[in-house]
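Structural characterization, general
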Amino acid sequence: MYYKFSGFTQKLTGSAPTAAYSPQGLRPGVPAESPAMIFATPTKVVSEAGSMVEYLGANRVPDLQRLFQTSDGIPIHLKRGVPDRLLYRTTMALTVGGALYCLVALYFAAQPRNK
């Protein structure tokens, strides 16, 4: 005997061999016509200028490459001078301060409560 899951009773019911071997909810065969494309039209209109793009500022990449690729013994994260030093020192101070704060909080959490 062949069984098939009934969507109506939510139980297994007896069925014919052809119904048991075809997946429920799927019809055999290929659809007659293909579905319409959802995004068939372009979302942006191509300008008449072609692929030419206008940038608002000057290209600073070659200058920065020249600055960062010089071998002068300064670490890469400090190459741009005072702003980099301030950012580095602030980051280190916050890291050390946060680690100390976590250790103090862990110490207080480990102490028993006085009642």
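Rules and cut-offs
- Residues numbered from 1 in each chain as written.
- Predicted model: local features only at pLDDT ≥ 70, side-chain atom pairs only at ≥ 80, totals over all residues.
- Heavy atoms only, no water.
- UniProt positions renumbered as here; feature names shortened; annotations may be inferred.
- Helix = DSSP H or I, 4+ residues; strand = E, 2+ residues; numbered from the N terminus.
- Pairing = 2+ DSSP bridges.
- Salt bridge = Lys/Arg side-chain N within 4 Å of Asp/Glu carboxyl O.
- Buried < 20%, exposed > 50% of the residue type's maximum accessible area, 1.4 Å probe, protein only.
- Polar contact = N/O pair within 3.5 Å; in protein donor to acceptor, adjacent residues only side chain to side chain.

**Comments concerning the UniProt feature "transmembrane region" (unreviewed entry) in the protein**
Using the residue numbers shown here, the UniProt feature "transmembrane region" (unreviewed entry) corresponds to residues 86–110. Spanning residues 86–110, this segment combines 100% helix with 0% strand, and its end C-alpha atoms are found 36 Å apart.

**Structural notes on the pairing of strand S1 (residues 2–5)**
Sheet faces and side chains relate simply in a regular strand, where the side chains alternate between the two faces. Direction of pairing for S1 relative to strand S2 (residues 12–15): antiparallel, over a ladder of 4 bridges. Pairing of Lys4 across the sheet is with Thr13, part of S2. Where S1 folds back on S2, the antiparallel hairpin that results is connected by 6 residues, among which Gln10 adopts a positive phi of roughly 60°.

**Here we look at the pattern of salt bridges**
For the coordinates displayed, the defined rule picks out 2 salt bridges. A salt bridge links Asp63 to Arg66, with the shortest nitrogen-to-oxygen separation between them at 3.2 Å. One end of the pair, Asp63, and the other, Arg66, are both in helix H2 (residues 61–69), 3 residues apart, so they sit about a helical turn from each other. Overall, Asp63 belongs to the partly exposed group, its relative accessible area being 44%.

**Examining the side chain of Lys79**
Looking at where Lys79 falls in the secondary structure, it is placed in the loop between H2 and helix H3 (82–110). Taking relative accessible area as the criterion, Lys79 reaches 11% and is therefore assigned buried. Reaching out from Lys79, the side chain makes a polar contact with the backbone oxygen of Thr70 at a distance of 2.5 Å. A distance of 2.8 Å separates polar atoms of two side chains, one belonging to Lys79 and the other to Asp72.

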